[in-house]
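An overview of the molecular structure
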Amino acid sequence: MQPDPTTPNNPSVSDLDGVSALLIFVAGMHRSGTSVLMRLLKQAGAVVPGDMLPENEDNPTGYWEARDVVQLNNRLLVAAGRHWCDDRALPAGALDALGRDHGAEITETLRGLSAAGTLVALKDPRLSLLLPLWLAAAAEIGAEARSLIAIRPPAEVARSLFQRLHTTAFRPAAIPSATKAHTLAARYMLEAERHTRGTKRGFVDFAALLETPQAELARALREADIPLHPEADSPALVDPALRRQRAVQAPSDLWASAGFATRIYDQLRTAPEDSAALDATYDAFETLKAETDALRPRAPQAQETGVALATLERAYATEPAKQVVFLSGAPLSKGHIYRVQNRIETLMHTPIAGACATLGEDDPEAIAEAADLIVLFRAEASAATEALYAAARARGVPVIFDIDDLVFDPDYMKPEFLSLLDGMTPHQRAVWEGRAENYRRALCGADGVWVSTEALAGHARRFNPTVQVVPNGISLGRARRAKTLWKQSLTRPNDGLLRIGYASGTPTHDRDFAPLAPVLAGLLAGNPALRLVLLGHIDAARFPALAPVMAQIEQRPEVPFEDLPEALLGIDINLAPLEADNPFCAAKSELKFFESALVGGVSVASPTPPFAAAMQDGTTGFLARSAQDWQDRLTALISDADTRHILANAAHETALDRFGPEAQETALLTAIRQSVTQAVWPEGQSEARR
């Protein structure tokens, strides 16, 4: 596309108060509406010079970017060790170095383009990162400069960048990670603001530009002191269909990429001249970037990348859902944190909204009306669940039953499997059996089931054939906090003691721990500097073998879930025993491994299927099948600090790679996609809901 530089509204030199030329630099994050803005500027009278990049499927109305400007900016970024989708700041001193090495080329490029008219508009999203170089060139040629910066809800930007995956030609320019896309949008917005501060500029909101183009453009032109006068709205130029992605707002106080980017967008939209607030935001963003970059696992091998992208593409493809509503039958449980709270936080990084409703209180009709998918965690069948199922089915909304323990099969509600039942009266046991039956009924009635482990999935498939494994995992907030704690601990004085620890969140683990008591007693007796930390419901006094070494046992109370990283910090060797040959124990998740690994602990665990899958024996921890195994593995770790440190670092990396925030995002989006597309829909509603 070659825009005609001659336009009837092009201002004369006299309109510019003696200025020989005025240059409008149009910047903003990619997919933020810069192309629409350029078309409106041309319609209002600006000259758009140069050899334009052609329109294509990615941008059917044209990019309105001069090829010379884009190619030069790409070379500048490469020279600085960056590229357009790098969310890091330019290296210190990079702009000065680029100015020295490439300033003359930028000036001559700008001189040639500005010769096309007295008021010229140039656009490239990369200008957001490089504007000081172009502003200096404008001054060099004696031209006045103005800046217009397009902004758009970051969730819409993320969605638009993801959609490039569906077109082979543009897949290299796709950003599959919503987290990365939000962070990149934040970088572009903050740098564009900083680079134009103190100059004449205007911020243009993409949403407002499509709804009231003349008013939004006129406002921005006044702010930037640009003598153009927009014509009346032209549907051909501002078709609302151009807004193909819609935002899902994240809370502005969420200190993660989605909420942070939204906060920046809101600041630029409402208070772009509040420099102090924007400086604070910039500093906080750099802190966030440093911490989250440290949490990123090593880049996957090339052969794994295609698999990861394919998984994400399946997760996002065809926009399977806009809102997922979670309801919890156990809102005070730790499972609620992993299965509901963490899920909603994860969705805040994506174009899908997550919300929480209250079973039995919120209107099931309203829930079904608002949701594209309903996830019911650990709720017993009841009148409330039946009403919810009925309302959801009437609207073609699938309901997922989510469970993280083998408590839905009455056959396992026996003391030999669930030690909690030991000592209960027949009536009390009957209550638990009734709960299991109610869980089973709720599970059977759902459109699908999510569970935390593959072992648990095998049991669930006895009652419902549509089962997906969505592992427990680590939220971004948890990962950041644990990383900070671990780093701080490395600089603290060492008290000379080595600590083995066992954490029990419920009073049901005595049978798990009992076989270890004699082994631990022997190790403590032979190592005066060794300590055993018992955290939570486990009581050393209940194990006679530990009586001779009670002076070396630190009994600590249970702590709130949010304080668990601090409680585990300083436990060098983490114990994760589970009763052998017990299906209830074999179905439990890997959380004892990854929670300890987050703060530098190395685990010795029973070889249940989840632990065996999560840990590489001898590389990220040890698996112990017998009392002798426990003796040998613990002795090796106690006696060799180097081995402990090597395994601890490997475990930390594995925990983040397999159970960290990015892995959680991929697993959850894949599950949502499959749950929506595999649902059994009422007749006539399938296509409407999809």
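In this text, all values refer to a predicted model and were calculated from it rather than measured experimentally.

**Some thoughts on the overall build of the chain**
The helix and strand tally for the chain stands at 27 helices and 16 strands. By residue count, 56% of the 690 residues in the chain fall in the buried class. Considering only contacts within the chain whose residues lie at least 6 apart along the sequence, 75% involve residues at least 24 apart. Total accessible area on the chain is roughly 27,600 Å²; 53% of this is exposed by carbon and sulfur atoms.

**Points about the sheet that holds strand S7 (residues 373–377)**
Here 6 strands make up an open sheet; going across it, the order is S6-S5-S7-S8-S9-S10 and the pairing parallel. Of all strands in the sheet, those with a lone pairing partner are strand S6 (353–357) and strand S10 (467–469), marking the two edges. Strand-to-strand twist across the sheet, computed as the mean angle between neighbouring axes with direction ignored, equals 25 degrees. Sheet topology note: the S7/strand S8 (residues 399–403) ladder contains 4 bridges and is parallel. Within S8, the residue paired with Val375 across the bridge is Ile400. Docked against the sheet, helix H12 (residues 334–347) engages strand S5 (323–328), S6, S7, S8 and strand S9 (448–451), running at close to 160 degrees with respect to S5. Sitting on the sheet, helix H14 (residues 383–394) touches S5, S7 and S8, and the angle it makes with S7 is about 165 degrees.

**Structural notes on helix H15 (residues 426–445)**
For an α-helix, the turn length of 3.6 residues means that residues three or four places apart are oriented alike. For H15, with 20 residues, the first-to-last C-alpha span of 29 Å sits near the 28 Å given by 1.5 Å per residue. Regarding H15, the residues found buried are Ala436, Asn438, Tyr439, Ala442 and Leu443. Each buried residue of H15 sits inside an arc of 160 degrees when the element is viewed along its axis, so together they form one side. Those residues of H15 that are exposed and aimed more than 90 degrees away from the buried face are Pro426 and His427. Lining the buried residues of H15 we find H14, S8, S9 and helix H16 (454–460).

**Some details on the layout of surface pockets**
Of the pockets and cavities examined, the second largest pocket occupies roughly 1,100 Å³. Along its surface, the second largest pocket is lined by 40 residues, and Lys334, Asp405, Gly505, Thr506 and Lys588 are the ones closest to its centre. Sorting elements by how many residues they give to the lining of the second largest pocket places H15 first, with 4 residues. Residue classes in the lining of the second largest pocket are distributed as 19 nonpolar, 11 polar and 10 charged.

**A closer look at the packing of aromatic side chains**
Taken as a whole, this structure holds 7 aromatic pairs when the rule is applied. Both rings, one in Phe408 and one in Phe463, keep their centres 6.3 Å apart while their planes meet at 90 degrees; by these two values the pair is edge-to-face. On the criterion of sequence distance, the pair formed by Phe408 in the loop between S8 and H15 and Phe463 in the loop between H16 and S10 is long-range, its members being 55 residues apart. These aromatic residues form a ring-pair network of at least three members: Tyr338, Phe561, Phe594 and Phe659. Of note, Arg194 hangs over the ring of Tyr282, and the distance from its end group to the ring centre comes to 3.8 Å. Taking NZ or CZ as reference, Lys592 lies 5.3 Å from the ring centre of Tyr502, over its face.

**What to know about the environment of Asp632**
With respect to the secondary-structure elements, Asp632 resides in helix H24 (residues 627–639). Separated by 113 residues in the primary sequence, Asp632 and Val519 place their C-alpha atoms 9.9 Å from one another.

**Examining the pattern of salt bridges**
Inspection of every chain in the model, using the stated rule, returns 41 salt bridges. Note that Arg481 is salt-bridged to Glu566, the shortest N-O span being 2.5 Å. Of the two residues, Arg481 sits in helix H17 (residues 476–489) while Glu566 sits in helix H20 (residues 564–568), which places them 85 residues apart along the sequence. Taking the relative accessible area as the measure of exposure, Arg481 reaches 34% and is therefore partly exposed. For Glu566, a relative accessible area of 32% translates into the label partly exposed. Members of the salt-bridge network, linked through shared partners, are Glu193, Arg194, Arg197, Arg201, Glu273 and Asp279.

**Section: the pairing of strand S11 (residues 498–504)**
Most of S11 sits inside the fold, with 7 of its 7 residues counted as buried. Side chains Leu498, Ile500, Tyr502 and Ser504 of S11 all project onto a buried face; the interleaved residues Arg499, Gly501 and Ala503 project onto the opposite face, where all are buried too. Here S11 runs beside strand S12 (residues 530–536); their pairing, made up of 7 bridges, is parallel. What sits directly across from Ile500, in S12, is Leu532.

**Here's the deal with the packing of helix H25 (residues 641–659) against helix H26 (residues 661–677)**
Between two packed helices, what matters for the description is the angle formed by their axes and the separation of those axes. Packing of H25 against H26 leaves a shortest axis separation of 5 Å and a crossing angle of 25 degrees. For the element pair H25 / H26, the angle class is roughly parallel. Residue-level contacts link Asp657, Arg658 and Phe659 of H25 to Pro661, Ala663 and Gln664 of H26. Among the residues forming the contact of H25 with H26, the class breakdown is 3 nonpolar, 1 polar and 2 charged.

**With respect to unusual backbone geometry**
Although it is not a glycine, Asp225 adopts a positive phi angle of roughly 60 degrees. The phi dihedral of Asp581 falls on the positive side, at around 60 degrees, and the residue is not glycine. Turning to its location among the elements, Asp581 is positioned in the loop between strand S14 (573–576) and helix H21 (583–586). Take Asp581: its relative accessible area is 80%, and that puts it in the exposed class.

**Points about empty space enclosed by the protein**
Inspection of the entire model under this criterion finds 4 cavities of 30 Å³ or more. Space inside the largest cavity adds up to approximately 70 Å³. Contributing to the lining of the largest cavity are Phe417, Leu418, Ser419, Thr508, His509, Arg511, Asp512, Glu579, Phe584, Cys585 and Lys588. Elements that contribute at least two residues to the lining of the largest cavity include exactly helix H18 (510–513) and H21.

**Re the nonpolar core**
Among the nonpolar cores identified, the biggest contains 83 residues, and Ile24, Phe25, Leu41, Leu110, Trp134, Leu148 and Leu228 are the most heavily contacted of them. Residue contributions to this core peak at 9 residues, all from helix H4 (residues 127–140). Counting 38 residues, the second-largest nonpolar core is a separate cluster that includes Ile367, Met413, Met424 and Ala460.

**Some remarks on the pairing of S5**
Across the 6 residues of S5, 5 count as buried, placing the element largely inside the fold. Across 5 bridges, the pairing between S5 and S6 is parallel. Following the sheet pairing, Val325 is matched in S6 by Ala355. Assessed by its sense of winding, the connection that carries the chain from S5 through H12 to S6 is right-handed. Across 5 bridges, the pairing between S5 and S7 is parallel. Bridge pairing links Val325 to Ile374 in S7.

**Focus: the sheet that holds strand S3 (residues 144–151)**
Read across the sheet, 4 strands follow the order S2-S1-S3-S4 without closing on themselves; strand pairing throughout is parallel. The sheet is open, and its two edges are formed by strand S2 (119–123) and strand S4 (201–205), each paired on a single side. Taking the axes of each pair of neighbouring strands and ignoring which way they run, one obtains an average angle of 20 degrees across the sheet. Pairing geometry for strand S1 (residues 22–28) and S2, over 5 bridges, is parallel. Across the sheet, Val26 pairs through a bridge with Lys123, a residue of S2. Together, S3 and S4 form the strand contacts of helix H8 (residues 213–224), whose direction differs from that of S4 by roughly 160 degrees.

Cut-offs and rules
- Residues numbered from 1 in each chain as written.
- Predicted model: local features only at pLDDT ≥ 70, side-chain atom pairs only at ≥ 80, totals over all residues.
- Heavy atoms only, no water.
- Helix = DSSP H or I, 4+ residues; strand = E, 2+ residues; numbered from the N terminus.
- Buried < 20%, exposed > 50% of the residue type's maximum accessible area, 1.4 Å probe, protein only.
- Contact = heavy atoms within 4.5 Å.
- Areas by Shrake-Rupley, 256 points an atom, 1.4 Å probe, with all protein chains shown as cover.
- Pairing = 2+ DSSP bridges.
- Axes fitted to C-alpha atoms, helices over the stretch in contact; angles between N-to-C directions.
- Expected span 1.5 Å × (residues − 1).
- Arc of directions from axis to C-beta.
- 1 Å grid on protein atoms, 1.4 Å probe; cavity = no way out; pocket = protein on both sides within 12 Å on 5 of 7 lines; lining within 4 Å.
- Points joined across faces, edges and corners; volume = space filled by probe spheres on them.
- Nonpolar A, V, L, I, M, F, W, Y, C, P; charged D, E, K, R; others polar.
- Phe/Tyr/Trp six-rings, centres within 6.5 Å; stacked < 30°, edge-to-face > 60°.
- Lys NZ or Arg CZ within 6 Å of the ring centre and 35° of its normal.
- Salt bridge = Lys/Arg side-chain N within 4 Å of Asp/Glu carboxyl O.
- Parallel < 35°, antiparallel > 145°, perpendicular 65-115°, else oblique.
- Core = buried A, V, L, I, M, F, W, Y, C linked by side-chain atoms within 4.5 Å.
- Right-handed = clockwise from strand over helix to strand, strands pointing away.

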